[in-house]
Amino acid sequence: MTTKDARVIVLTGASGGIGQALAREFAKENVYLALIAREKSRLHPLLQEIRALGSDGEIAAIDIRDRQVLHGFLNDLDERHPIDLVIANAGVTAGLGPNRTRESDQDSDRQIDVNYRGVVNTVTGVVGALQKRGKGQIVLMSSLAGMRALPDMPSYSATKAAVIAYGHALRGWLKPFGVSVTIVCPGFVTSPMSARHKGSKPFEVSAEKAAQLMRRAINRRQAFFAFPFILAMGIRLQNLLPAKIGDLFLGGFEAEIEQDPRYLNQKGS
């Protein structure tokens, strides 16, 4: 394989469970992967795996909240290897405070900054080049919680709903320019993030299975892909009910979200 022949893919949140699984899944194709995450030490082994699978790539330790640094890297990458596909996958989660008190300001701010602003930073760093070339694809990682908000995860649900709305707007804007947009809404996927979700996780699937399903939907350029099908369909039907009745079904999803150990010692970020 040569880089010239490969599909160039940008993947944020590459060091996480879903991110790693997506990288491995796409590495089965003829691709050049630009892996982005905050911790470079977790990206080195993944890059070696990708190369062992017959693909190639590079890594970058970037916090997607830092727009200037992220855009600088993406602009440089696109000049060297024109980007074909960007997967805005990075995200964080948190829940209510102890004894179902309100979310902390730090948790809420962080989710807004990473889950929404970070996605926007990722897209705006590449969309101009894709629009100018008249081709390419943008994939936004949302969640079933963005389709039906979870009472125990207010800010998380809100940011994922914002990603869905942003994706629909992008698709309408970019379609005439030949750039497609895919919104992905996974349910419960086995990962370190999911492990901190202490509650019912119906129809949970492995990260590997989720990555297979996502790659298929992405390669088909589906506009919207929500899974597992049964849970996604149930949410769609529930959203047709009066709010008071629909709310009754959310009792089974009550959960406690453990603190993300990466942020325990941070006062705010």
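Here is a short report on the structure shown in this document. Every value quoted in this text rests on a predicted model; they were computed, and no experiment measured them. Position labels on residues start from 1 in each chain and follow its written sequence. Per-residue local features of the predicted model are confined to residues with pLDDT of at least 70, and side-chain atom pairs are confined, for both listing and counting, to 80 or more; whole-chain, interface and lining totals are unaffected and use all residues. Only hydrogens and water are removed before side-chain values are computed, so all heavy atoms of the structure are retained for them.

1. Overview of the overall build of the protein
Put simply, the rule is: Under the DSSP-based scheme used, a helix requires at least four consecutive residues in state H or I and a strand at least two consecutive residues in state E, with every element numbered from the N terminus. Buried means the residue's accessible area, taken with a 1.4 Å probe over protein chains only, is under 20% of the maximum for its type, while exposed means over 50%, and partly exposed covers the values in between. We call two residues in contact when some of their heavy atoms are within 4.5 Å. Computed with a 1.4 Å probe, the accessible areas rest on the Shrake-Rupley method; for each residue, only the protein chains presented here act as cover.
When helices and strands are counted, the protein shows eleven helices and nine strands. For the protein, the residues scored as buried account for 51% of the 269 residues in total. The contacts of the protein with a sequence gap of at least 6 include a subset with a gap of at least 24, amounting to 71%. Here the protein has roughly 12400 Å² of accessible surface; of this, 55% comes from carbon and sulfur atoms.

2. A short note on the packing of aromatic side chains
To keep it simple, the criterion reads: Ring pairs are drawn from Phe, Tyr and Trp, using the six-membered ring of Trp, whenever the two centres fall within 6.5 Å, and their geometry is named by plane angle: stacked under 30 degrees, edge-to-face over 60, tilted for the rest.
With the rule as written, the count across this model stands at two aromatic pairs. Between the aromatic rings of Tyr-116 and Tyr-166, the centroid separation amounts to 5.9 Å while the plane-to-plane angle is 80°, which identifies the pairing as edge-to-face. Note that Tyr-116 is positioned in helix α4 (residues 105-124) and Tyr-166 in helix α7 (residues 154-174), a separation of 50 residues in sequence. Under the relative-accessibility criterion, Tyr-116 is labelled partly exposed at 28%. When the ring of Phe-225 is compared with that of Phe-227, the centres are 5.1 Å apart and the planes differ by 20°; the resulting orientation is stacked. With respect to class, Phe-225 is no different from Phe-227; both count as buried.

3. Focus on the side chain of Asp-152
So the rule is basically this: We call two N or O atoms a polar contact when they sit within 3.5 Å, provided that within protein one can donate a hydrogen and the other can accept it, with sequence-adjacent residues counted only if both atoms are side-chain atoms.
Among the structural elements, Asp-152 can be located in the loop between α6 (144-147) and α7. Only 2.3 Å separates the side chain of Asp-152 from the side chain of Arg-100, close enough to count as a polar contact.

4. Points about unusual backbone geometry
Note the cis peptide between Phe-227 and Pro-228, where omega equals 0°. Along the chain, Pro-228 turns up in the loop between β8 (224-227) and α10 (229-238). Its identity as a non-glycine residue notwithstanding, Arg-100 has a phi of 60°, on the positive side. Mapped onto the elements, Arg-100 comes out in the loop between β4 (85-88) and α4.

5. Description of a nonpolar patch on the surface
Here is the rule: Here the term patch refers to residues with relative accessible area over 30% and no salt bridge, with like charges joined within 9 Å and nonpolar side chains (Val, Leu, Ile, Met, Phe, Trp, Tyr) within 5 Å. Salt bridges are counted wherever a side-chain nitrogen of Lys or Arg sits within 4 Å of a carboxyl oxygen of Asp or Glu.
Together, Phe-203, Phe-229, Ile-230, Met-233, Leu-237 and Leu-240 make up a nonpolar patch on the protein surface, roughly 670 Å² of accessible area in all. For Leu-237, the location among the structural elements is in helix α10.

6. Observations concerning the environment of Ser-104
With respect to the helices, strands and loops of the structure, Ser-104 is situated in the loop between β4 and α4. Taking C-alpha positions, Ser-104 is 9.3 Å from Ala-94, a pair spaced ten residues apart along the chain. Within the structure, Ser-104 has its side chain in polar contact with the backbone nitrogen of Asp-107 (distance 3.0 Å).

7. Focus on the sheet that holds strand β6 (residues 180-186)
Put simply, the rule is: Strand pairing follows a simple DSSP-based rule, namely that at least 2 bridges must link the two strands. The axes are straight lines fitted to the C-alpha atoms, using for helices just the contacting stretch, and the angles between their N-to-C directions are given from 0 to 180°.
One open sheet accounts for seven strands, arranged β3-β2-β1-β4-β5-β6-β8; its pairing is parallel. Every interior strand has two partners, whereas the edge strands, β3 (56-61) and β8, have only one. Adjacent strand axes in the sheet meet at a mean angle of 15°, parallel and antiparallel pairs treated alike. In terms of strand pairing, strand β2 (residues 31-37) meets β3 through six bridges, oriented parallel. Note on β3: the bridge partner recorded for Leu-33 is Gly-57. Seen against the sheet, helix α1 (residues 17-26) touches β1 (7-12), β2, β4 and β5 (137-141) and runs at an angle of roughly 170° to β1. The strands that α7 touches are β5, β6 and β8; relative to β6, the one it contacts most, it runs at about 160°.

8. Comments concerning the packing of α4 against α7
Here is the rule: Working rule for angles: under 35 degrees goes down as roughly parallel, over 145 as roughly antiparallel, 65 to 115 as roughly perpendicular, anything else as oblique. Each helix crossing is assigned a hand: it is left-handed if the near helix lies turned anticlockwise from the far helix by less than a right angle, otherwise right-handed if that turn is clockwise.
Close contact between α4 and α7 brings their axes to 8 Å; oriented N to C, the two are set at 15°. Taken together, α4 and α7 sit at an angle that is classed as roughly parallel. Crossing geometry of α4 relative to α7 is assigned as right-handed. For the pair α4 and α7, the contacting residues are Ser-108, Gln-111, Ile-112, Asn-115, Tyr-116, Val-119, Val-120, Val-123 and Thr-124 in the first and Ser-155, Tyr-156, Thr-159, Lys-160, Ala-162, Val-163, Tyr-166 and Leu-170 in the second.

9. Notes on the pattern of salt bridges
This model, assessed by the stated rule, comprises 14 salt bridges. Ionic pairing is found between Glu-29 and Arg-215, a salt bridge with its closest N-O pair at 2.8 Å. Here Glu-29, found in the loop between α1 and β2, pairs with Arg-215, found in helix α9 (residues 207-219); they are 186 residues apart in sequence, far enough to count as distant. The residue Asp-56 makes a salt bridge to Arg-51 at a minimum N-O spacing of 2.9 Å. With relative accessibility at 24%, the residue Asp-56 sits in the partly exposed group. Three or more residues are tied together by salt bridges with common partners; here these are Arg-7, Glu-25, Lys-28, Glu-29 and Arg-215.

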